[in-house]
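If you want the building blocks of each chain, they are given just below.
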Amino acid sequence: MPAPALKITVLGSGTSVGVPTIGCHCAVCTSADPRDSRLRPSVLIGYEGRNVLIDTTPDFRTQALRARIERLDAVLFTHAHADHLMGLDDVRPFNFRQKDRIPIYASAHTMEAVRRCFPYIFDCQERKTNVPQLEPRLIDGPFEVFGLKFVPVPILHGKQTIHGFRFGAAAYLTDHSEIPERSMELLRSLDVIFLDALRYKPHPTHSTVERSVKTAETLGARRAFFTHICHDLGHERAESLLPPHIRLAYDGLEVEVGAS
Ligand SMILES: [Zn+2]
Ligand SMILES: [Zn+2]
Ligand SMILES: [Zn+2]
């Protein structure tokens, strides 16, 4: 087998409020299993000495310190909900270190929301050290980032269409309640797929364990990891009920994948 070309690091596997959840004393929120502590959802993709981040969560600073991230070459946004966006200001140390702008990729709709949330980043004309230095790039079909092709995968998050991404033999599909048929076609022959699996009970804008098991089996991906998990799921117990090729992601999990 050729050497794995991509390393995916799970920076956060939790739902929008994180686990433990503020004020909650349930078995999962008080669990001693480190895999039951889940920061907000994000992954880092490492290849050829580059680091590409999907989403800047409110926990980004903590996640970057914990994963010892030393460079950041690009950021991709799935959508502009707070749990995927609000850590954007914390990319500044990478601007200082790299002395360069960082490209950020998003759909026109998402980019508009990013600009609305962080007007000071985009309003300022001259380079200021107290403001992130970014280069917005709109997504409109597949695009390349440092030689790796990313395919945006439209998914329904309630009524909103947002993006998952396919890259190499992997795909990352966070927040979704439904995957349109045309998007399923973009997800064939995967080695690894990450899927939203909030909880067991149905939710209007998120997938469930049952639904994501079905998606994984329909696609025939070799391995699937669930993410965006809330405190209804204890890691050990939830995994014991799943087939061996479907696992729960956890913060700090590293997965190696082929580049095609
Ligand atoms: Zn979310
Ligand atoms: Zn709880
Ligand atoms: Zn969302």
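My aim in this report is to walk through the structure given alongside it, one point at a time.

1. Some points on the sheet that holds strand β7 (residues 143-145)
Phase 1: Read across the open sheet, the seven strands follow the order β7-β8-β9-β10-β11-β12-β13; overall the sheet is mixed. The open sheet has two free edges, formed respectively by β7 and β13 (246-248), since each of these has just one partner strand. When the angles between neighbouring strand axes are averaged without regard to direction, this sheet yields 30 degrees.
Phase 2: Across five bridges, strand β11 (residues 192-196) lies against strand β12 (residues 223-227) in parallel orientation. Residue pairing for β12: Asp 196 is matched across the bridge by Thr 227.

2. A look at helix α4 (residues 108-117)
Phase 1: For α4, every residue scored as buried is listed here: Thr 110, Met 111, Ala 113 and Val 114. Across the axial projection of α4, the buried residues extend over an arc of 160 degrees, all falling on one side. Exposed and facing more than 90 degrees away from the buried side of α4 are His 109 and Arg 116.
Phase 2: On its buried face, α4 is in contact with α2 (82-85), β5 (102-106), α5 (119-123) and β6 (134-138).

3. Here we look at the coordination of the zinc ion (ligand 3)
Phase 1: Of the protein atoms, only His 79 (NE2), His 81 (ND1), His 157 (NE2) and Asp 175 (OD) coordinate the zinc ion (ligand 3), at distances of 2.2 to 2.4 Å.
Phase 2: The coordination sphere of the zinc ion (ligand 3) comprises four donor atoms, whose angles at the metal cover 92 to 169 degrees; the geometry is irregular.
Phase 3: All donors to the zinc ion (ligand 3) come from one chain, and their sequence spacing reads H-x1-H-x75-H-x17-D.
Phase 4: The distance between the zinc ion (ligand 3) and the zinc ion (ligand 1) comes to 3.5 Å, with Asp 175 serving as a donor to both metals. In this pair, His 81 sits in the loop between β4 (74-76) and α2 while His 157 sits in strand β8 (residues 148-157), placing the two residues 76 residues apart along the sequence.
Phase 5: Exposure remark for His 157: the relative accessible area of 4% places this residue in the buried category.

4. A short note on the coordination of the zinc ion (ligand 1)
Phase 1: Within the protein, the zinc ion (ligand 1) binds to Asp 83 (OD), His 84 (NE2), Asp 175 (OD) and His 228 (NE2); these donor distances fall in the range 2.1 to 2.2 Å.
Phase 2: Taken together, the four donor atoms coordinating the zinc ion (ligand 1) and their angles of 93 to 161 degrees define a geometry best described as irregular.
Phase 3: Written as a sequence motif, the donor residues of the zinc ion (ligand 1) are D-H-x90-D-x52-H.
Phase 4: Owing to a relative accessible area of 1%, His 228 belongs among the buried residues under this scheme.

5. Some words on the side chain of His 84
Phase 1: Within the secondary structure, His 84 is located in helix α2.
Phase 2: Judged by relative accessible area, which is 0%, His 84 ranks as buried.
Phase 3: Here His 84 is in contact with Pro 41, Asp 55, Thr 56, Thr 57, Phe 77, Thr 78, His 79, Thr 174, Asp 175 and His 228, once residues within four sequence places are set aside.

6. Quick look at the sheet that holds strand β14 (residues 254-257)
Phase 1: Strand order in the open sheet made by the seven strands is β6-β5-β4-β3-β2-β1-β14, with mixed pairing throughout. Of all strands in the sheet, those with a lone pairing partner are β6 and β14, marking the two edges. Strand-to-strand, the axes of this sheet are offset by a mean angle of 25 degrees, without reference to chain direction.
Phase 2: Here strand β1 (residues 6-12) runs beside β14; their pairing, made up of four bridges, is antiparallel. Residue pairing in the sheet places Lys 7 in a bridge with Glu 256 of β14.
Phase 3: α4 rests against β5 and β6 of the sheet, and its axis sits at about 125 degrees to β5.

7. Details of helix α7 (residues 209-219)
Helical geometry: 3.6 residues make up each α-helical turn, so side chains three or four residues apart lie on a common side.
Phase 1: Within α7, the full set of buried residues consists of Val 209, Ser 212, Val 213, Thr 215, Ala 216 and Leu 219. For α7, the angular spread of the buried residues around the axis is 160 degrees, confining them to a single face. Exposed and facing more than 90 degrees away from the buried side of α7 are Glu 210, Lys 214 and Thr 218.
Phase 2: Contact partners of the buried residues in α7: α6 (181-184), β11, β12 and β13.
Phase 3: A positive phi of about 70 degrees marks Gly 220, the residue just after α7.

8. A look at the side chain of Thr 110
Phase 1: For Thr 110, the location among the structural elements is in helix α4.
Phase 2: Residues within four places of Thr 110 in sequence aside, it is in contact with Phe 77, Thr 78, His 79 and Ala 80.

9. A look at unusual backbone geometry
Phase 1: Along the chain, Val 19 connects to Pro 20 via a cis peptide bond; the corresponding omega equals 0 degrees.
Phase 2: With respect to the helices and strands, the residue Pro 20 is situated in the loop between β1 and β2 (42-47).
Phase 3: Even without being a glycine, Lys 99 presents a positive backbone phi close to 50 degrees.
Phase 4: Within the fold, Lys 99 resides in the loop between α3 (92-98) and β5.
Phase 5: At Ser 189, a position not held by glycine, the phi torsion is positive, near 55 degrees.
Phase 6: The class for Ser 189 is exposed, based on a relative accessible area of 66%.

Thresholds, definitions, all that
Residues numbered from 1 in each chain as written. Chains lettered and ligands numbered in written order. Predicted model: local features only at pLDDT ≥ 70, side-chain atom pairs only at ≥ 80, totals over all residues. Heavy atoms only, no water. Pairing = 2+ DSSP bridges. Helix = DSSP H or I, 4+ residues; strand = E, 2+ residues; numbered from the N terminus. Axes fitted to C-alpha atoms, helices over the stretch in contact; angles between N-to-C directions. Buried < 20%, exposed > 50% of the residue type's maximum accessible area, 1.4 Å probe, protein only. Arc of directions from axis to C-beta. Contact = heavy atoms within 4.5 Å. Donors = N, O, S within 2.8 Å, 3.2 Å for Na, K, Ca; no water. Tetrahedral: all angles 85-135°; square planar, octahedral: opposite > 155°, others 65-115°.

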